[in-house]
Amino acid sequence: QEVLQDVRSGAVNCVVVKDLSRLGRNYIETGKVLQEFADHGVRFIAINDGYDTANAQGQASTILFPIKNLMNDSYSRDISIKVRSNLEVKRRQGEFISNFAVYGYQKDAENKNHLVIDDYAAGIVRDIFKWAIEGLSPGSIASRLNQLGVLSPMEYKKSQGSKYESRFKTSTQAKWSHVAVRRILQNEVYTGTLVQGKRTTPNHKTKKFVYKDQNDWVRVEGTHEAIISRPQFDLVQQLLRLELEVL
């Protein structure tokens, strides 16, 4: 996008890449970019493909160029299919595949696909469930945590050296909120059960997420040590439902 801005503003008159795949692997979008280069009179060079728009006439590679573009797109699609398939196998085997461990856990140093308890954060999770059973609402629990100076999940991860970022942050330092507390109270991971594959993308060409039906989620029990017992978790779910009914 930065290159395109420079092209449109006239800041550059030539774009050089190692080969066509470095410009893009989406056949249609790459074609549009190349056309935009041409519309602005910008020279384009793909070194390994031996292609140069300043000397395109008479080059044998000119005929093969659209074919190479299509092959790059096909290669990207095949890789995407293989990666999706591999991740699905891992999910069904009960392997944790997210980039960051959920609050209360950390990734096993010997196996990044396995969760182990983070003693400090797990203690906070136990307090959150205990207070919920005692009758405190998610909002009241969040206020208590903030008053006690307990770092929010995001800030705690940062304090541990993680580069975790969240779109839910609304201030310089993220605080506990009723949403964060409710998310913890409703997360089955604390019972030792992994629930993954809740969302996906239509294809490799878009990053827009599509949320799956709950029946299509991958749920595997007993994948890691539980922080909260199943009876405790089920009781809290009943209390949360009652709270919603009252509201």
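Sequence order sets the numbering: in each chain, residues are counted from 1 along the sequence as written. Whole-chain, interface and lining totals are the exception, using all residues; otherwise, since this is a predicted model, local features are given only for residues with pLDDT of at least 70 and side-chain atom pairs are given and counted only at 80 or more. Hydrogens and water molecules were not included; the side-chain quantities draw on all heavy atoms of the structure.

1. Notes on the sheet that holds strand E2 (residues 43–46)
- Two strands form a pair only when DSSP identifies at least two bridges running between them. The secondary structure listing takes helices from DSSP runs of H or I that are at least 4 residues long and strands from runs of E that are at least 2 residues long, numbered from the N terminus. Across the sheet, which stays open at both edges, the 3 strands sit in the order E1-E2-E3 with mixed pairing between neighbours. Two strands bound the open sheet, and with one partner strand each, they are strand E1 (14–17) and strand E3 (51–52).

2. Digging into the confidence of the model for the protein
- pLDDT is a per-residue confidence score from the predictor, ranging from 0 to 100. The pLDDT averaged across the protein works out to 86; a share of 89% of its residues lies at or above 70.
- Across the protein, element-level confidence peaks in helix H5 (residues 119–133) with a mean pLDDT of 97 and bottoms out in helix H4 (residues 61–92) with 78.
- Only heavy atoms enter the contact rule, under which two residues are in contact if any of them lie within 4.5 Å. Every residue in residues 167–171 is under pLDDT 50, and counting partners more than four places away or in other chains gives 6 contacts.

3. A short note on the nonpolar core
- Here, nonpolar core means buried Ala, Val, Leu, Ile, Met, Phe, Trp, Tyr and Cys residues that are tied together by side-chain atoms lying within 4.5 Å of each other. For the exposure calls, accessible area comes from a 1.4 Å probe over protein chains only, and a residue counts as buried if that area is under 20% of its type's maximum, exposed if over 50%, partly exposed in between. Tyr103, Ile128, Phe129, Leu145, Trp176 and Tyr190 are the most contacted members of the largest nonpolar core, which totals 33 residues.
- Of all the secondary-structure elements, those providing two or more residues to this core are strand E5 (111–117), H5, helix H6 (138–147), helix H8 (178–185) and helix H9 (230–246).
- With 8 residues, H5 is the largest single contributor of residues to this core.
- Beyond its immediate chain neighbours, meaning those up to four positions away, Ile128 contacts Ile141, Leu145, Trp176, Val181, Ile184 and Leu185.
- Residues Val7, Leu20, Val33 and Ala46 belong to the second largest nonpolar core, which totals 12 residues.

4. A word on the environment of Tyr211
- Looking at the element boundaries, Tyr211 is found in strand E8 (residues 210–211).
- Using a relative accessible area of 56% as the deciding quantity, one classes Tyr211 as exposed.
- Measuring from C-alpha to C-alpha, the distance between Tyr211 and Arg199 comes to 4.2 Å, with 12 residues separating the pair along the chain.

5. Describing the pattern of salt bridges
- Whenever a carboxyl oxygen of Asp or Glu lies within 4 Å of a side-chain nitrogen of Lys or Arg, that contact is scored as a salt bridge. According to the stated counting rule, one finds 13 salt bridges in the structure shown.
- Notably, a salt bridge pairs Arg182 with Glu243, separated by 3.3 Å at the nearest N-O pair. With a gap of 61 residues between them, Arg182 in helix H8 and Glu243 in helix H9 connect regions that are remote in the sequence.
- Residue class for Glu243 comes out partly exposed when judged on its relative accessible area of 21%.
- A salt bridge links Arg219 to Glu188; the shortest N-O distance between them is 2.4 Å. With Arg219 in strand E9 (residues 218–220) and Glu188 in the loop between H8 and strand E6 (194–196), this residue pair connects regions lying 31 residues apart in the sequence.
- Given the relative accessible area of 42%, Arg219 is considered partly exposed.
- Salt bridges linked by common partners bring Glu188, Arg219, Glu221, Arg230 and Asp234 together as one network.

6. Digging into the pairing of strand E4 (residues 105–108)
- Of the pairings in the sheet, the one linking E4 to E5 comprises 4 bridges and is antiparallel in character. Paired with Asp108 across the bridge in E5 is Asn111.
- Here E4 hands over to E5 after 2 residues, the two strands then running antiparallel side by side.

7. Some thoughts on the side chain of Glu155
- Mapped onto the elements, Glu155 comes out in helix H7 (residues 153–159).
- Residue class for Glu155 comes out buried when judged on its relative accessible area of 11%.
- Polar contacts here mean pairs of N or O atoms no more than 3.5 Å apart (in protein, one a potential hydrogen donor and the other a potential acceptor; neighbouring residues in sequence count only if both atoms are side-chain atoms). At 2.8 Å, the side chain of Glu155 forms a polar contact with the backbone nitrogen of Ala174.

8. A look at the packing of aromatic side chains
- Each Phe, Tyr or Trp ring (for Trp, its six-membered ring) is paired with any other whose centre lies within 6.5 Å, and the angle between the two planes then decides the class: stacked below 30 degrees, edge-to-face above 60, tilted in between. Applying the stated criterion across every chain, the model contains 7 aromatic pairs.
- Here Tyr103 and Trp176 contribute two aromatic rings whose centre-to-centre distance is 5.7 Å and whose plane-to-plane angle is 80°, an arrangement assigned as edge-to-face. Separated by 73 residues along the polypeptide, Tyr103 in the loop between H4 and E4 and Trp176 in the loop between H7 and H8 bring together distant segments of the chain. Residues Tyr103 and Trp176 agree in their burial class; the two are buried.
- Consider the rings of Phe129 and Tyr190, whose centres lie 6.2 Å apart with planes at 70°: the pair is edge-to-face. On the criterion of sequence distance, the pair formed by Phe129 in helix H5 and Tyr190 in the loop between H8 and E6 is long-range, its members being 61 residues apart.
- On the accessibility criterion, Phe129 (0% relative accessible area) is buried.
- On the accessibility criterion, Tyr190 (1% relative accessible area) is buried.
- Counted as over-ring charges are cases with an Arg CZ or a Lys NZ within 6 Å of the ring centre that also lie within 35 degrees of the ring normal. Lying across the ring of Phe209, Arg199 places its NZ or CZ 3.7 Å from the centre.

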